[in-house]
Amino acid sequence: MHIYPDARSVVHDISPDEPVILNRPHAAARAAHFFAEKFPGKSLYAVKANPSPELLRVLWANGISHFDVASIAEVRLVRQTLPDATLCFMHPVKTAKAIAEAYNVHGVRTFSLDTVEELEKIVSACSSADGTPPSDLRLLVRLRVSSEYSELSLASKFGVDLADAAALLQQTRQHCDWLGVCFHVGSQAMTPFAYVQALERVRAAVAEASVVIDVVDVGGGFPSEYPGMEPPPLEDYFSVIFRHFEALPIAYNAELWCEPGRALCAEYSSLVVRVEKRRGEELFINDGAYGALFDAAHIEWRFPVNALEDDLTQPVTEFSFYGPTCDDADFMKGPFMLPEDIQAGDYIEIGMLGAYGAAMKTGFNGFGNAEQYVVEDEPMSSLYRGDRVDPRASDNVVSLR
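Nothing here was measured: the structure is a model prediction, and the numbers come from that model.

Draft legend 1. Region of interest: the overall build of the chain. Helix and strand counts for the chain come out as 11 helices and 19 strands. For the chain, the C-alpha radius of gyration of 22 Å lies close to 21 Å, the compact-globule estimate for 401 residues. Each of the three principal axes of the chain carries a C-alpha extent, and together these read 70 × 55 × 40 Å. Per-residue burial over the chain gives 54% buried out of 401 residues. When the 33 positive and 57 negative side-chain charges of the chain are each reduced to one mean point, those points stand 4 Å apart.

Okay, structure coming up:
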């Protein structure tokens, strides 16, 4: 794969007709090293955020050895890419065939669940041909927690209610070598307090169940930086989580896990698009809601943008985007801040698309092709460079972090 210095050099060299994905392995390596070194436990990469084999290898090489897989396809992909990785099947609703293949073929021992029915399914699928139940399962009961401090809720689909958690923990304890509790505070948690609330629910559930807990998995939700979303430093999240984890009524040697997805891969990629038409403050571009910009369209996520032309001189103003398909729904409200004199034929780089960007691309309406190149410059935003200003600090406020 050809390596370029930056997005401008890609445009100048190939003048692409179709969108181009730019990957920054050094940014993903830096994020992986950060979590491997600073999170006070194990970090499981949530593969759904970006299943690129190249990315998986970068994360592995920089200290991420455990992977949160949510489907049998992800199990197969990671096992094929990283034969020695530890795989944790953390989707709470799985088919019996997927469980059996994961356990018997790919060596998966860790599964999550949120119902008695799923517990019975796991035990049955992992039992031997003569009906002998497995003795080496690591089962994590997913607890329903609030997503009120996150930009995207994950509170309604999965998780056992606190009122029913104790009974499920007690039943699960009878069938596993390790028992754990897991939860997910939602995507892009904007304050560490999201984890405080969730861990208090864990405390209540464990105290009522009176069972030995071997692992607490705080899930994902660790944020990245986008326009209008400037989270506190990740170290603040880690310290708050660890302090409350240590106070839980659990085994003295219990492990602490997390499942970062966005935080490990958001800075990995950006996207170069071309303006095909301008209509007032609306720009028609060649990627959109059915491509890498799904989040920009469907949840109005704002991504950083940068015009790549050398002859644009006007100040920036607000633009919205239309994608290339025939659907009116292929619309991205933004606002995206670009020079007032941008026109058809100009190129734009859209940053921070390593998470849920390339992974969401479809071929709908005949669009979806995208070449990929490696670039050596920095992502548009980063939580890992060490040069970021703490958003809580100002000229007359002292940060006490």
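Draft legend 2. Highlighting the pairing of strand 2 (residues 20-23). The alternating pattern of strand 2 places V20 and L22 on one face and I21 and N23 on the opposite face, and all of these are buried. Summarising the sheet, strand 2 and strand 13 (residues 269-279) pair through 4 bridges and their orientation is antiparallel. Looking at strand 13, one finds that L22 is bridged to S270.

Draft legend 3. Spotlight on the environment of P25. Topologically, P25 is positioned in helix 2 (residues 25-38). Sequence-wise, P25 and R57 are 32 residues apart; in three dimensions their C-alpha atoms are separated by 9.8 Å.

Draft legend 4. Here's a closer look at the nonpolar core. With 114 residues, the main nonpolar core has F35, Y45, F111, V218 and F222 as its most contacted residues. With 8 residues, the top contributor of residues to this core is helix 8 (residues 193-209). Once you skip the residues sitting within four places of it in the chain, F222 turns out to touch F35, F39, Y195, L234, Y237, F238, I241, C258, P260, R262 and A263. Counting residues in each nonpolar core, the second largest holds 11 residues, with Y4, V20, Y347 and Y373 among its members.

Draft legend 5. Representation of unusual backbone geometry within the structure. In the segment running from G334 into P335, the intervening peptide bond is cis, with an omega of 5°. Along the chain, the position of P335 falls in strand 17 (residues 331-339). Within the chain, Y356 stands out as a residue other than glycine whose phi angle is a positive 60°. For Y356, a relative accessible area of 18% corresponds to the buried category.

Draft legend 6. Quick look at the pattern of salt bridges. Scanning all chains against the criterion turns up 19 salt bridges. For E378, the salt bridge goes to R385, with nearest N and O atoms at 3.4 Å. For E378, a relative accessible area of 33% translates into the label partly exposed. Here the residues in one salt-bridge network are D17, R274 and E276, joined through shared partners.

Draft legend 7. Representation of the confidence of the model for the chain within the structure. This prediction gives the chain a mean pLDDT of 93; 96% of its residues lie at or above 70. Every residue in residues 393-401 scores below 50 in pLDDT, and together they form 9 contacts with partners more than four places removed in sequence or on other chains.

Draft legend 8. View of the packing of helix 3 (residues 53-61) against helix 4 (residues 72-81). Orientation of helix 3 relative to helix 4, taken along the N-to-C sense of each, is 60°, at an axis distance of 10 Å. Classed by the angle they form, the pair helix 3 and helix 4 counts as oblique. The interaxial crossing formed by helix 3 with helix 4 has right-handed handedness. Where helix 3 approaches helix 4, its residues P53, L56 and R57 are matched on the opposing element by L77, V78 and T81. Classifying every residue of the contact of helix 3 with helix 4 gives 4 nonpolar, 1 polar and 1 charged.

Draft legend 9. Geometry of the environment of R142. Structurally, R142 can be placed in strand 7 (residues 138-142). Considering only alpha carbons, one finds R142 and G219, 77 residues apart in sequence, at a separation of 9.7 Å. With residues up to four places along the chain from it excluded, the contact list for R142 reads P92, L113, D114, L154, F158, G159, V160, C182, F183 and H184.

The rules behind these values
- Residues numbered from 1 in each chain as written.
- Predicted model: local features only at pLDDT ≥ 70, side-chain atom pairs only at ≥ 80, totals over all residues.
- Heavy atoms only, no water.
- Helix = DSSP H or I, 4+ residues; strand = E, 2+ residues; numbered from the N terminus.
- Rg over C-alpha atoms; globule rule 2.2 N^0.38 Å.
- Buried < 20%, exposed > 50% of the residue type's maximum accessible area, 1.4 Å probe, protein only.
- Lys, Arg positive; Asp, Glu negative; His and termini not counted.
- Charge placed at Lys NZ, Arg CZ, Asp CG, Glu CD.
- Pairing = 2+ DSSP bridges.
- Core = buried A, V, L, I, M, F, W, Y, C linked by side-chain atoms within 4.5 Å.
- Contact = heavy atoms within 4.5 Å.
- Salt bridge = Lys/Arg side-chain N within 4 Å of Asp/Glu carboxyl O.
- pLDDT = per-residue confidence, 0-100.
- Axes fitted to C-alpha atoms, helices over the stretch in contact; angles between N-to-C directions.
- Parallel < 35°, antiparallel > 145°, perpendicular 65-115°, else oblique.
- Left-handed = near helix turned anticlockwise from the far one by under 90°.
- Nonpolar A, V, L, I, M, F, W, Y, C, P; charged D, E, K, R; others polar.

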